[in-house]
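Working through the structure, step by step
This is what each chain is made of:
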There are 2 protein chains.
Amino acid sequence: MFSTGHHRILSAITRLGPKSRTDLARLLGLSKGSISIFVRDLLEQGILKEQELIFSQGRPSVTLGLRSDAASFIGISLHTDPATIVLTDPHGEVLARRQIPRETDPERCFSLLAKAVQKVRRHAEPNIGLTTGIGVAQPGFVSRDRRICLASAALGWRNVDVAGELSELTGLPVFVENDTNALILGEQLFGASGECPNFSLVFVGDGIGSTHIIDSRLYRGHHGGAGELAHSPVAFDLQNALPCRCGNRGCLETLASLQSIKGAARSAGLPSEIPELIGLANTGDPDALRILHRAGSALGFGLAQLVQILDPSQVVVLMDAALKDSVFSNVLRQEMEAHVLKRPGTQSTLILRSASNDSFALGAASIAAQHFLFGIDWI
Amino acid sequence: MFSTGHHRILSAITRLGPKSRTDLARLLGLSKGSISIFVRDLLEQGILKEQELIFSQGRPSVTLGLRSDAASFIGISLHTDPATIVLTDPHGEVLARRQIPRETDPERCFSLLAKAVQKVRRHAEPNIGLTTGIGVAQPGFVSRDRRICLASAALGWRNVDVAGELSELTGLPVFVENDTNALILGEQLFGASGECPNFSLVFVGDGIGSTHIIDSRLYRGHHGGAGELAHSPVAFDLQNALPCRCGNRGCLETLASLQSIKGAARSAGLPSEIPELIGLANTGDPDALRILHRAGSALGFGLAQLVQILDPSQVVVLMDAALKDSVFSNVLRQEMEAHVLKRPGTQSTLILRSASNDSFALGAASIAAQHFLFGIDWI
DNA sequence: CAGACTTATTTCAGTGGGTAAAATTACGTT
DNA sequence: AACGTAATTTTACCCACTGAAATAAGTCTG
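Definitions and cut-offs
Residues numbered from 1 in each chain as written. Chains lettered and ligands numbered in written order. Predicted model: local features only at pLDDT ≥ 70, side-chain atom pairs only at ≥ 80, totals over all residues. Heavy atoms only, no water. Helix = DSSP H or I, 4+ residues; strand = E, 2+ residues; numbered from the N terminus. Rg over C-alpha atoms; globule rule 2.2 N^0.38 Å. Buried < 20%, exposed > 50% of the residue type's maximum accessible area, 1.4 Å probe, protein only. Contact = heavy atoms within 4.5 Å. Areas by Shrake-Rupley, 256 points an atom, 1.4 Å probe, with all protein chains shown as cover. Lys, Arg positive; Asp, Glu negative; His and termini not counted. Charge placed at Lys NZ, Arg CZ, Asp CG, Glu CD. pLDDT = per-residue confidence, 0-100. UniProt positions renumbered as here; feature names shortened; annotations may be inferred. Pairing = 2+ DSSP bridges. Axes fitted to C-alpha atoms, helices over the stretch in contact; angles between N-to-C directions. Salt bridge = Lys/Arg side-chain N within 4 Å of Asp/Glu carboxyl O. Polar contact = N/O pair within 3.5 Å; in protein donor to acceptor, adjacent residues only side chain to side chain. Least-squares fit on C-alpha atoms with pLDDT ≥ 70 in both. Domains from an automatic or database assignment. Near = heavy atom within 4 Å. Nonpolar A, V, L, I, M, F, W, Y, C, P; charged D, E, K, R; others polar. Patch = residues over 30% accessible without salt bridge, like charges linked within 9 Å, V, L, I, M, F, W, Y side chains within 5 Å.

Looking at an unreviewed UniProt entry, one finds chain A named Transcriptional regulator and attributed to Gluconobacter kondonii.

Pasting the structure below:
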C-alpha cells in the first residue's frame, strides 16, 4: 500500500513536528517531485493534513501535520497487576482507558483483555480514526518477531503465543514487546526525545529496567539482554556486596530498586512504603536518609557506567513521583556527575521524570502506531 | 562506478567468506538476475574471481572470492612512538611494512609519512593490486567525516587536517580514525568477528580503550565519546577510589591500565616493567600477585558492566602478550563471569587476544579497504 | 548410455521508485 | 499591472531490480 517513501515522511513529521514539502525534500534527501506525490497520497488517505501557511518571500510554504483521526491504537500494559488498556490517537493522546485485573492464566487473560479492548473502543468518541493495531507491553523476553512471549517470570509464561491468541480474539494485528522497551519506544514516538537518535531510558520500579535507542532504532542486544543494567555490578568490595536474586553479588538492583529500598527500610525497622520513608527522610531521620542516599548513589553510579560506555545524548530516568522529588534524585544526579568524564558541551544530559499510570500502556500503543506510521521494517 | 548492489556483495563475501551467486541472492534479498549482473561487473573489474565448484545435485554452484590483487591499502598507526606503516591486500595480509619515528610536528610528521608510504609501495611485490587509499589510526578525537583530527592529547594536535595534508602529499584518499575504532574495524573486516553484528573490543595499553560494533556499524556515541570504558567507575567506596587524571575518582583506568599497574609496582618497590612484574608473580611474589589480581579483577568488573549494558555477542580484549598469559587474564575472566547475569546459551563470550605490533596499522588499512569494498556510506 | 531430474546461472522484458527540469501557483513588492 | 521569489506540480525519463523463461551443467535411474 504505502512505500518506504510514505513511511519516511510520516516518520519525519511525527518526530520533528509539522514540516513543509520542501523541508521534507531536504530532510529526507528526496526530490521535491517525489515528496509531492507521496504527500498527495497521504492527504488523500486522510493521514496528513495541510496545517498552516508560513509566509516569507515567494509562495508561502504549507506545513503538513498528522491528522488526529488518521488512526487510533490500542496499548495494553501487563507490567503491574491491574492491567491497563488505553486507546490513543497518533499524537499519543489518550482517547479512552480502562483497568482490569491481570490474570496469569493465558486463556483467561486474553479473553478478559479482548473484552476490555472492545469496551474501550466502544467507549471512545465516534469521530476517531480506525483502530489499526494493538501493542502489548509485558515483563520478560519476547521473540524477535514480536509475537511470542518466550519467558516471563512475573507472569509465569513460557512460549505463549500472545499475538496469535489476542489477534484471533480481536481481529487486530498485535505486537508484543518487553515492557521497558515499550517505554522507550513510547518516549521516542510520543515523548520529547523524538529527535534524539541515541538515548537511553532507565525505569526504577520494583526492579530496574533499561533500554537504548541507538541510531534511532531499538537496540535489544545480541541475545536480547541489553538493558540488564539492573544486574550491572556496582559494589566492588565483596564484603559489602549484597546477594542478588540472580545469584551474583553487588548488582545495582540490590541497592537501588524499590524492592531493595523497602527491604532495607524493613531491616532498619522503618515503614517500608516509599512515601512514608521519604516523609521520614524529610524530617531528617538518619536511617531513612542513609537508605535513600545509598540507593540514589548506587543508581548514579550505574548511570555513569552507562554514560561512559554508550555516550547517549540523554538518559531519561523514569520513577515514582515521590521518589523523583526526594533526596534520591539529588544524590543520583550528584553521584552520576561525579563519575562521568567531564567534556564541556558534549555531556550526556540526565532527565528525571515521574512515571504515570499509563506510561507502559502508552508505550505499547506507540508500537502499534509505529507499525502503522513507519511500516514493518522499522523494528 | 559501483552501486550499492556491488558493495553489498563485496561486504557479504568479505565478512562471510566465498559464496555462490545463489547464496548471495538469498543472503542479500536480491533476485538472482541482479546478482548475476553485479557479479559480472566485479569479475570484469578483477575484484572477484570464480573460486571453487561445489557439487551436489543439479548444476554445481561456483563460489566467488575476493582476488588478492583486487586492490591494496595503506595503514598508518600513530598509536605509539615508532609509527607503523603497512601495505595490505584485501584479505588483510601484510605485503610490506615499515616503522618511522613519530614526529609530533604535523608538517614534518606528514612529510615523513608520505615518504614512508612511497617506500612501502615501491618495496612491495610488483603484482599487487592498485593502492586505493590510506587509513590513519591515531589517538584522540576525529571529525565525523574522517578528515580532521579534532584533538589528540598524545600528539598535541588540535584541528589538524590530516586527510587534507596527507592526501595532498600522496595523491591518495585518506581516512582518519581514532585508534581503538580502527582496531575494531580491522577486527571486523580482517579478523574473526566479521559475522558478528554486535560485538565490543577493549584494548589494554597505557590507557584503556573500548569500542562497539552495533548492527554491523561502528558506534561512536552521540558526542563521539562511546568507548570511554577507561573512565567507567569501578570503585564505589570513595576511600579506596584512586584519583584519575580525568579529575574523577575510581575510574577503571586507575586500576587496570598498564600505566596504573606500573605505578602500583613502583610504589610497592617492585620492577615497573610488565614482563618482570609477571615473572615475579609467577614466582609467587605476593605484592606482584596482588597488583595483577587487583588490575584483572577491576577490568573484569568493567567488562561485566559492558556486557550487562550492551549484551554484545562477544567481547574481544586485546592486550600485551605477556599480560595475556598471566594471572591477570584468569582473574579478569573469573571476575567478569562472577558479575554477569547467567543465562545459559545466551551469554556473551570473552575472547582474550594478544596485540601484535601491526594491530593498529592493520586496523587503519581496513578502513581504506572498507571504503574501496563497501563504498562511502558504510561509515 | 540416454533421458529424466535437479539446481545454478543468464537473459530479457517489465515495473516502480525515484530524479531533473520546466511549468504552474501564490504570494509579496514596486 | 508587472515583476521577483519561492513552493509546488507536472512531465519525461532513468535505472536498479524483479520475475519468468531459457539455458547450462551437473547427478540419478532404468
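Re the overall build of chain A
Along its length, chain A carries 13 helices and 16 strands. Radius of gyration (C-alpha) of chain A: 22 Å, near the 21 Å computed for a compact globule of 379 residues. For the C-alpha atoms alone, the extent of chain A along its principal axes is close to 70 × 55 × 40 Å. The buried share among the 379 residues of chain A stands at 58%. Across chain A, every contact between residues at least 6 apart in sequence was considered, and the portion connecting residues at least 24 apart equals 59%. Approximately 15,600 Å² of chain A is accessible, and the part contributed by carbon and sulfur atoms is 50%. Charged side chains in chain A number 35 positive and 37 negative. The centres of these two groups are separated by 4 Å.

A short note on the confidence of the model for chain A
Confidence in the prediction for chain A averages 92 pLDDT; 97% of positions are at 70 or higher. No element of chain A has a lower mean pLDDT than helix α1 (residues 4–16) of chain A, which averages 89, and none a higher one than strand β4 (residues 72–77) of chain A, which averages 98.

A short note on the UniProt feature "domain: HTH marR-type" (unreviewed entry) in chain A
Here the UniProt feature "domain: HTH marR-type" (unreviewed entry) sits at residues 6–50 of chain A. In this annotation, residues 6–50 of chain A is assigned 71% helix and 11% strand; the end-to-end C-alpha distance for the span is 16 Å.

Some thoughts on the sheet that holds strand β11 (residues 174–178) of chain B
Residues and elements named next belong to chain B. Strand order in the open sheet formed by 5 strands is β6-β5-β4-β7-β11, with mixed pairing between adjacent strands. Looking at the sheet topology across the chains shown, the edges are occupied by β6 (94–101) and β11. Here the average twist between neighbouring strands, direction ignored, is 20°. As paired elements, strand β4 (residues 72–77) and strand β5 (residues 82–88) share 5 bridges and run antiparallel to each other. Note that in β5 the partner of Ile76 across the bridge is Ile85. Against the sheet, helix α4 (residues 106–123) makes contact with β4, β5, β6 and β7 (131–138), and its axis sits at roughly 150° relative to β6, the strand it touches most.

Concerning the interface of chain B and chain A
Of the residues lining the interface, 52 residues belong to chain B; the matching set on chain A comes to 51 residues. The interface formed by chain B and chain A includes 2 salt bridges. The tally of links from chain B across to chain A stands at 30 residue pairs in polar contact (both at pLDDT 80 or more). Those elements giving two or more residues to the side of chain B that touches chain A turn out to be β13 (208–214), β14 (217–219), α10 (286–310) and α12 (327–338) of chain B.

A look at the environment of Arg26 of chain B
In this structure, Arg26 of chain B sits in helix α2 (residues 21–28). For the pair Arg26 of chain B and Leu277 of chain B, spaced 251 residues apart in the sequence, the C-alpha separation amounts to 54 Å.

Things to note about helix α6 (residues 179–189) of chain A
All names here are of chain A. Of all 11 residues in α6, 11 are buried; the element is thus mostly enclosed. Within the span of α6, buried status applies to Asp179, Thr180, Asn181, Ala182, Leu183, Ile184, Leu185, Gly186, Glu187, Gln188 and Leu189. For α6, the N-terminal cap is Asn178; the gap from its side-chain oxygen to the backbone nitrogen of Thr180 is 2.9 Å.

A word on the side chain of Ser366 of chain B
Checked against the element boundaries, Ser366 of chain B lands in helix α13 (residues 359–374). In this structure Ser366 of chain B touches Ala182, Leu185, Gly186, Leu189 and Phe190 of chain B, once residues within four positions along its chain are discounted.

What about the relation of the copies chain B and chain A?
After a rotation of 180° and a shift along the axis of 0.0 Å, chain B superposes on chain A with an RMSD of 0.1 Å. What the rotation and shift describe, once combined, is the action of a two-fold rotation axis. When the interface residues of chain B are mapped onto chain A, 98% of them again lie at the interface, so the same face is used by both copies.

Points about the domain arrangement of chain A
Domain annotation of chain A identifies domain 1 (4–66), domain 2 (72–188 + 359–378) and domain 3 (199–310 + 321–354). Here the C-alpha centroids of domain 1 of chain A and domain 3 of chain A sit 42 Å apart.

What to know about the protein's contact with DNA strand C
Within the structure, DNA strand C sits among 24 residues, and Ser31 and Ser34 of chain A together with Ser36, Gly58 and Arg59 of chain B are positioned closest to it. Of all atoms in DNA strand C that approach within 4 Å of the protein, 70% are sugar or phosphate atoms. In the environment of DNA strand C, a base oxygen lies 3.4 Å from a nitrogen or oxygen atom belonging to the backbone of Gly58 of chain B. Secondary structure elements with two or more residues in the surface near DNA strand C: α1 and α3 (32–44) of chain A together with α2, α3 (32–44) and β3 (61–66) of chain B. Top contributing element to the surface near DNA strand C by residue count: α3 of chain B, with 4 residues. Residue composition of the surface near DNA strand C, grouped by class: 5 nonpolar, 14 polar and 5 charged.

Quick notes on a positive patch on the surface
The grouping of Arg98, Lys115, Lys119 and Arg122 of chain A at the surface amounts to a positive patch. Position of Arg98 of chain A among the secondary structure elements: in strand β6 (residues 94–101).

Quick look at the protein's contact with DNA strand D
In the vicinity of DNA strand D there are 21 residues, among which Ser36, Arg40 and Gly58 of chain A together with Ser31 and Phe38 of chain B approach most closely. Among the atoms of DNA strand D lying within 4 Å of the protein, the sugar-phosphate backbone contributes 70%. Note that a phosphate oxygen of DNA strand D is positioned 3.0 Å from one of the side-chain N or O atoms of Arg21 of chain A. Take Val62 of chain A: an N or O atom from its main chain is 3.0 Å from a phosphate oxygen of DNA strand D.

Details of the sheet that holds strand β3 (residues 61–66) of chain A
Residues and elements named next belong to chain A. Spatially, 3 strands are ordered β1-β3-β2 in an open sheet, and the strand pairing comes out antiparallel. Edge positions in the sheet fall to β1 (19–20) and β2 (48–54), since each has one partner strand and no second. In terms of strand pairing, β2 meets β3 through 6 bridges, oriented antiparallel. Across the sheet, residue Leu53 finds its bridge partner in β3, namely Val62. Sheet contacts for α3: β2 and β3; angle to β2, the most-contacted strand, approximately 115°.

Things to note about the pairing of strand β9 (residues 149–152) of chain B
Residues and elements named next belong to chain B. With 2 bridges joining them, strand β8 (residues 141–142) and β9 adopt antiparallel strand pairing. Bridging from a neighbouring strand, Phe141 pairs with Ala151 of β9. Taking the residues that link successive antiparallel strands as the turn, the β8-β9 hairpin has 6 residues, and the phi of Arg146 there is positive, at about 65°. Where β9 lies against strand β10 (residues 157–160), 3 bridges are found, and the strand directions are antiparallel. Bridged to Ala151 within β10 is Arg158. The loop that links β9 with its antiparallel partner β10 comprises 4 residues; one of these, Gly156, has a positive phi angle of about 75°.

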